[in-house]
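Spelled out, the chains give:
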Amino acid sequence: MREVRADAPGRVNLIGEHTDYHEGFVLPCAVPQRCVAELRTREDRHVRAWSRQIDDADPFEYTVGAEHRTASWGDYVQGLTWVVSQQGIHVGGFDLHLDSDVPLGSGLSSSAALEVATLRALRSAFDLGFNDVELARIAQRAEVEFVGAPVGIMDQMASSLAGERAALFVDTRTLDFEQIPLPPGLDLVVINSGVSHQHVDGDYVTRRRESEDAARLLGVERLRDVGVERLTEVDALRGVYAKRARHIVTENARVLEARTALKTGDLERLGELFFASHASMRDDYEISIPAVDLLVEIARREPGVFGARMTGGGFGGAVAIATAAGTAARVAANITAAYAQQTGESAGVLLPLAQ
Ligand code: GLA
């Protein structure tokens, strides 16, 4: 019997939204909120999994090798052993306790944190040989093929490889990645609108399908292969296809520019790219919501703020704000106060952490 403990962070994407399933570029960072997995191996192939947040009393139970979809949180665990087994890797049964402070539905990828923490625990408990990129691939496959959420690989790569004071630039076609330290003049603020999203069905899937159709109209499989030099052609597409393709094509260009801005410490430019990305998500990809747009507009008026944008899959979730070092606490407090005054609703500060 072995007992191991592992953890993994949630992520905030700085820029590059919905680009990953088009094999484009992303630039996420880890957040301090994490999922902790405590795992004890068993002699049999049985699994009992507890989630402190979802149901502390009753474990989710199944047998490794007999995974079946249940449309409950336990599918995230089952999906991992299912993919691992599909790859011919043997894992036995285990008891698993999960405890996470990554808020669900906030756009910080609580699911990737759960997957990566659990896979790290499985890797050390059963001496599995996969590296951190392979781990991210297993987690993504579990989510797509078992849970049934057709996501890209950004969140799993970020949870597996990103740090808190460095952005992780990922080319999602090759999975080549690069850690880019955040310039000392930059602080990040993340504010949760409190409106939860859902990825398994609905709008994420629709956007993915529309943009894939747009790609085919442009004669490519993935919009990664359409550069900004083809924007006139993009604009000539009919219906929603022009908008959907324009977002992905321009967003990829913005990620590359943001990478340069981070490297050169050009925070004004980084901020402009944040605002432009938000406008593109709002007007072209149409994945924002009024509560999130309002948070971005309030942030725009706050002294010290370079830029703000929705982060994550959209239709709710959180806003990422780039602000001058030393201003994060004041900016977060002022934005949430103004938001409460204008809407009567309260928005939660996810970053900086309360002192
Ligand atoms: C979700 C998905 C990611 C990515 C983002 C949008 O977080 O899990 O793969 O597509 O949405 O950028």
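Residues numbered from 1 in each chain as written. Predicted model: local features only at pLDDT ≥ 70, side-chain atom pairs only at ≥ 80, totals over all residues. Heavy atoms only, no water.

### Notes on the overall build of the chain
Now for step 1: The helix and strand inventory of the chain stands at 10 helices and 12 strands.
Now for step 2: For the chain, the spread of C-alpha atoms along the three principal axes comes to 60 × 50 × 35 Å.
Now for step 3: Counting across all 355 residues of the chain, residues that qualify as buried make up 59%.
Now for step 4: Taking contacts inside the chain between residues at least 6 apart in sequence as the whole, the part at least 24 apart equals 68%.
Now for step 5: As displayed, the chain has an accessible area near 13900 Å², and 48% of this comes from carbon and sulfur atoms.
Now for step 6: Placing the 36 positive and 51 negative side-chain charges of the chain at their respective mean positions leaves the two points 2 Å apart. (Helix = DSSP H or I, 4+ residues; strand = E, 2+ residues; numbered from the N terminus. Buried < 20%, exposed > 50% of the residue type's maximum accessible area, 1.4 Å probe, protein only. Contact = heavy atoms within 4.5 Å. Areas by Shrake-Rupley, 256 points an atom, 1.4 Å probe, with all protein chains shown as cover. Lys, Arg positive; Asp, Glu negative; His and termini not counted. Charge placed at Lys NZ, Arg CZ, Asp CG, Glu CD.)

### Details of the pattern of salt bridges
Now for step 1: What the rule picks out here adds up to 35 salt bridges.
Now for step 2: The partner of Glu272 in a salt bridge is Arg269, and the shortest N-O contact between them spans 2.6 Å. Taken together, the residues Glu272 and Arg269, both in helix H8 (residues 267-283) and 3 residues apart, mark about one turn of the helix.
Now for step 3: Assessed through its relative accessible area of 43%, Glu272 is described here as partly exposed.
Now for step 4: Among the charged side chains, a salt-bridge network with shared partners connects Arg40, Arg42, Asp44, Arg48 and Asp95. (Salt bridge = Lys/Arg side-chain N within 4 Å of Asp/Glu carboxyl O.)

### Some remarks on the side chain of Gln156
Now for step 1: By secondary structure assignment, the location of Gln156 is in helix H4 (residues 154-161).
Now for step 2: Within the structure, Gln156 has its side chain in polar contact with the side chain of Glu143 (distance 3.2 Å).
Now for step 3: Discounting chain neighbours no more than four positions away, the residues touching Gln156 are Ala112, Glu115, Val116, Ala136, Ala139, Gln140, Glu143 and Val151. (Polar contact = N/O pair within 3.5 Å; in protein donor to acceptor, adjacent residues only side chain to side chain.)

### Notes on the site of the ligand
Now for step 1: Residues in close proximity to the ligand total 13 residues, the closest being Glu17, His18, Asp20, Asp155 and Tyr204.
Now for step 2: His18 places a polar main-chain atom, nitrogen or oxygen, 2.7 Å from an oxygen atom of the ligand.
Now for step 3: A distance of 2.7 Å is found between an oxygen atom of the ligand and a side-chain nitrogen or oxygen belonging to Asp155.
Now for step 4: Summarising the interface, the protein chains cover 98% of the accessible area of the ligand, which totals 310 Å² for the free molecule. (Near = heavy atom within 4 Å.)

### Here we look at helix H7 (residues 239-264)
Now for step 1: When the terminal C-alpha atoms of H7 are compared, their 39 Å separation across 26 residues agrees well with the 38 Å that a helix rising 1.5 Å per residue should span.
Now for step 2: Looking at the residues trailing H7, positive phi occurs at Gly265, about 70 degrees. (Expected span 1.5 Å × (residues − 1).)

### Observations regarding the nonpolar core
Now for step 1: The biggest cluster of nonpolar side chains holds 67 residues, and the ones touching the most others in it are Leu27, Phe94, Leu119, Leu186, Leu262 and Leu270.
Now for step 2: Here this core takes 8 residues from helix H2 (residues 110-125), the largest share from any one element.
Now for step 3: Setting aside anything within four residues of it in sequence, one finds Phe94 in contact with Leu39, Arg40, Thr41, Arg42, His46, Val47, Arg48, Tyr62, Val77, Thr81, Leu122 and Phe126. (Core = buried A, V, L, I, M, F, W, Y, C linked by side-chain atoms within 4.5 Å.)

### Comments concerning the packing of helix H1 (residues 74-86) against H2
Now for step 1: Running from N to C, H1 and H2 point in directions that differ by 50 degrees, and their axes come no closer than 10 Å. By the angle class used here, H1 and H2 are oblique. The chirality of how H1 crosses H2 is right-handed. Taken together, the residues of H2 that come into contact with H1 (itself represented by Tyr76, Val77, Leu80, Thr81 and Val84) are Ser111, Leu114, Glu115, Thr118, Leu119 and Leu122.
Now for step 2: Looking at the contact of H1 with H2, its residues break down into 7 nonpolar, 3 polar and 1 charged. (Axes fitted to C-alpha atoms, helices over the stretch in contact; angles between N-to-C directions. Parallel < 35°, antiparallel > 145°, perpendicular 65-115°, else oblique. Left-handed = near helix turned anticlockwise from the far one by under 90°. Nonpolar A, V, L, I, M, F, W, Y, C, P; charged D, E, K, R; others polar.)

### Looking at the sheet that holds strand E10 (residues 305-311)
Within a sheet, adjacent strands bond to each other through the backbone by hydrogen bonds, running parallel or antiparallel.
Now for step 1: On the basis of which strands lie adjacent, the open sheet formed by 4 strands has the order E10-E11-E9-E12 and antiparallel pairing. At either margin of the open sheet sits one strand with a lone partner, and together these are E10 and strand E12 (348-351). Neighbour-to-neighbour, the strand axes of the sheet open up by a mean angle of 25 degrees, direction not taken into account.
Now for step 2: Two elements, E10 and strand E11 (residues 318-324), share 6 bridges in a ladder whose sense is antiparallel. (Pairing = 2+ DSSP bridges.)

### Things to note about unusual backbone geometry
Across residues other than glycine, the phi torsion is negative in most instances, and most of the peptide bonds are trans.
Now for step 1: Omega for the peptide link from Leu351 to Pro352 comes to 5 degrees, which places this bond in the cis form.
Now for step 2: Even without being glycine, His18 reaches a positive phi, approximately 65 degrees.
Now for step 3: For His18, the position within the fold is in the loop between strand E1 (3-13) and strand E2 (25-26).

### Points about the pairing of strand E6 (residues 94-100)
Now for step 1: Of all 7 residues making up E6, 5 are buried, and the element is well covered by its neighbours.
Now for step 2: Here strand E3 (residues 28-41) runs beside E6; their pairing, made up of 7 bridges, is antiparallel. Residue pairing across strands places Val36 opposite Asp99, the latter belonging to E6.

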